[in-house]
Amino acid sequence: MNLIDTFNLDIRALHTFVAVLDEGSVSRAAIKLGVSQSAVSHTLDRLRKALGDPLFVKSGRGITPTRYAVQAGSHIRQILDDLHSLASGPPFTPETTEISFTIAANDYERDLLLPQLMQRLRLQAPGVTLQVIASGIPTADMLRKNICDLIISPHAPEATDIMQRGLMGDRMVVFYDPSQREAPETVTDYLKADHIALVFGTGEKPALEAGLSARGLTRRNVITVSNFSGLPEFLRGTDMLVTAPERMSKHLLRDFSWVPLPFTFKPFTLLMVWHRRNQNDPAHRWLRNQVNAVAATMNGLND
């Protein structure tokens, strides 16, 4: 009898373990896997006997992984990644492969990075096509459920099956129309002004709003828009203020003046985010390298 038979393990059991580890719930793991809760529970019982550890224990109304389960998680994921790679086929050939990728990005990230990315793809991989969708504040399920292949956002979902890489830094600054007003020099100047604010189409607010609330500061948002593209025409010819990433001064908000925020607000990093199952896929790895190369040129680095 071989080791796998002795341990009573199979690929489906390992997938079940990872699903429960990711979801923190037998019921949610069952929904994710498309099986019954009893099937998940039965598989966990087999794994407990095979591995000699409880794996998951009750915690309040939910469950929590044991130390062994947490430590085993990365090893089991690597096993599954290696098994998936056996079916990945021949190496990715950019010049001849026809494939479509979906990238989730809001209009700030989209306009900053993706036009240059598309130029690279047309030269190097004419058979590759892109679909770009809005990310809002992205969730792990966008990647888990194949809604997109890659997310570009300052907000990375916190999950053990989600990978990320920093692309470039940026900071929030204050834009204004110099033909209509002077720059706000103090917090008082900033707060007494009328503001154009951003609320994503999915309802989430940018981190700036939470940052202001944490300081006990309140500003008057006279209009909110669902994407950055709506900012220029509302700002033009008014004495209102817009708080937006500094890099937008190079494209969307290039017609306006800007100054640093009159209070401390932490800079952010633009991230590239993907699901662990695509970590070693040749086509996905190539796409990530292209995105990183575009960001490197903007950071003043060699391509």
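Just so you know, these numbers come straight off a predicted model, no measurement behind them.

**Q** Would you mind showing me how to read the sheet that holds strand β8 (residues 194-198) here?
**A** Backbone hydrogen bonds are what pair the strands of a sheet, in a parallel or an antiparallel way. On the basis of which strands lie adjacent, the open sheet formed by five strands has the order β9-β8-β10-β7-β11 and mixed pairing. The outermost strands of the open sheet, each flanked by one partner alone, are β9 (220-225) and β11 (257-260). On average, each strand axis in the sheet is inclined to that of its neighbour by 35°, with strand direction left out of account. Sheet analysis places β8 next to β9, joined by five bridges and oriented parallel. By the bridge assignment, Asp 194 is partnered in β9 with Arg 220.

**Q** I would appreciate a short explanation of a nonpolar patch on the surface in the present structure.
**A** Together, Ile 11, Ile 79 and Leu 83 give the surface a local cluster of nonpolar side chains, amounting to about 210 Å² of exposed area. With respect to the helices and strands, Leu 83 occurs in helix α5 (residues 67-85).

**Q** Explain the side chain of Ser 25 to me, please; I cannot follow it from the model alone.
**A** Along the chain, the position of Ser 25 falls in the loop between α2 (11-23) and α3 (26-33). Within the structure, Ser 25 has its side chain in polar contact with the side chain of Ser 27 (distance 2.9 Å). Among the polar contacts made by the side chain of Ser 25, one reaches the main-chain amide nitrogen of Arg 28 at a distance of 3.2 Å. Not counting chain neighbours up to four residues away, the residues in contact with Ser 25 comprise Val 20 and Ile 63.

**Q** Sorry if this is basic, but what is going on with helix α4 (residues 37-51) here?
**A** Taking 1.5 Å of rise per residue, the 15 residues of α4 would be expected to cover 21 Å, and the 21 Å separating its terminal C-alpha atoms lies within 8% of that figure. Among the residues making up α4, those that are buried are Val 40, Thr 43, Leu 44, Arg 46, Leu 47 and Ala 50. Buried positions in α4, seen along its axis, are confined to an arc of 160° and lie on one side of it. Opposite the buried face of α4, by more than 90 degrees, sit the exposed residues Ser 38, His 42 and Lys 49. One or two positions beyond α4, positive phi appears at Gly 52, with a value near 70°.

About the criteria used
Residues numbered from 1 in each chain as written. Predicted model: local features only at pLDDT ≥ 70, side-chain atom pairs only at ≥ 80, totals over all residues. Heavy atoms only, no water. Pairing = 2+ DSSP bridges. Helix = DSSP H or I, 4+ residues; strand = E, 2+ residues; numbered from the N terminus. Axes fitted to C-alpha atoms, helices over the stretch in contact; angles between N-to-C directions. Patch = residues over 30% accessible without salt bridge, like charges linked within 9 Å, V, L, I, M, F, W, Y side chains within 5 Å. Areas by Shrake-Rupley, 256 points an atom, 1.4 Å probe, with all protein chains shown as cover. Salt bridge = Lys/Arg side-chain N within 4 Å of Asp/Glu carboxyl O. Polar contact = N/O pair within 3.5 Å; in protein donor to acceptor, adjacent residues only side chain to side chain. Contact = heavy atoms within 4.5 Å. Expected span 1.5 Å × (residues − 1). Buried < 20%, exposed > 50% of the residue type's maximum accessible area, 1.4 Å probe, protein only. Arc of directions from axis to C-beta.

From the geometry alone we can't say anything about function, so treat these as descriptive.
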